[in-house]
Amino acid sequence: MSHPEHASAASPIQKGILDVATVQRRLRAFSDARGWEPYQTPKNLAMAMVVEAGELVEIFQWMTPEASTRVAGQPEVQRHLGEEMADVLVYLLQIADRCGIDVAAAIDRKMALNAAKYPAPADAANATLVLGANGKLVVDEGPAAATAPPSGA
């Protein structure tokens, strides 16, 4: 979805800061100019985003976990990865735009919910993720945590 014709001095990205509202306006104008608006329903955009996310995953499909951490040193892979990430982000921003979601507020709210649900361990250096009895990942704070009384006791 990234096209050279859209790179301009009026880019919504300045020094690593993404102006979401400006990107959304540009995406609306891009779609309007091509008559795509009637087809860009939240459902269709979500389906397209999943397709693009699949293309993003495909880049890593046969890499080892270690190889995936070295992508930053591979300009061609990094370029391809950036293109697929941009496609996913473009669709996500279009969904938010059409559904009236303030992305920044949604991120703030979700981070607050996650902070409450997954509090930082007292000793992050010794904490690891383990599979809990409920089948979900939980933080194991190490041997010191084993002797601590359960919370709420």
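Heads up: the structure comes first, above all this text.
Everything quoted here is computed from the prediction, not taken from an experiment.

A. Region of the structure containing the overall build of the chain. Along the chain, the regular secondary structure elements total six helices and four strands. In the chain, which comprises 153 residues, the proportion classed as buried is 18%. If you take every contact in the chain between residues at least 6 apart in sequence, the share linking residues at least 24 apart comes to 49%.

B. Just the pattern of salt bridges, in detail. Scanning the entire structure with this criterion turns up four salt bridges. Across the salt bridge formed by E76 and R79, the nearest N and O atoms sit 2.4 Å from each other. Taken together, the residues span about one helical turn, with E76 and R79 both in helix α4 (residues 75-99) at a distance of three residues. Linked through salt bridges whose partners overlap, the residues forming this network are E76, R79 and E83.

C. Molecular detail of the side chain of E84. Structurally, E84 is set in helix α4. In this structure, E84 is buried with no salt-bridge partner, the nearest side chain bearing the opposite charge being R79 at 7.8 Å. Here E84 is in contact with E52, E55, L56 and I59, once residues within four sequence places are set aside.

D. Local environment of the packing of helix α2 (residues 42-60) against α4. Contact pair α2 / α4: the axes reach a minimum separation of 9 Å and the direction vectors enclose 160 degrees. In terms of axis orientation, α2 runs roughly antiparallel to α4. α4 is crossed by α2, and the crossing has left-handed handedness. Here the residues of the contact of α2 with α4 sort into 17 nonpolar, two polar and five charged.

E. Molecular detail of the pairing of strand β3 (residues 128-131). Where β3 meets strand β4 (residues 137-140), four bridges bridge the pair, whose relative direction is antiparallel. Note on β4: the bridge partner recorded for L129 is V139. The antiparallel hairpin formed by β3 and β4 contains five residues in its connecting segment, where G135 sits at a positive phi of about 85 degrees.

F. Focus on the nonpolar core. Grouped together as the largest cluster of nonpolar side chains are five residues: L45, M49, V88, Y91 and I95. Contributing elements (two or more residues each) for this core: α2 and α4. With three residues, α4 is the single largest residue contributor to this core.

Rules of the game
- Residues numbered from 1 in each chain as written.
- Predicted model: local features only at pLDDT ≥ 70, side-chain atom pairs only at ≥ 80, totals over all residues.
- Heavy atoms only, no water.
- Helix = DSSP H or I, 4+ residues; strand = E, 2+ residues; numbered from the N terminus.
- Buried < 20%, exposed > 50% of the residue type's maximum accessible area, 1.4 Å probe, protein only.
- Contact = heavy atoms within 4.5 Å.
- Salt bridge = Lys/Arg side-chain N within 4 Å of Asp/Glu carboxyl O.
- Lys, Arg positive; Asp, Glu negative; His and termini not counted.
- Axes fitted to C-alpha atoms, helices over the stretch in contact; angles between N-to-C directions.
- Parallel < 35°, antiparallel > 145°, perpendicular 65-115°, else oblique.
- Left-handed = near helix turned anticlockwise from the far one by under 90°.
- Nonpolar A, V, L, I, M, F, W, Y, C, P; charged D, E, K, R; others polar.
- Pairing = 2+ DSSP bridges.
- Core = buried A, V, L, I, M, F, W, Y, C linked by side-chain atoms within 4.5 Å.

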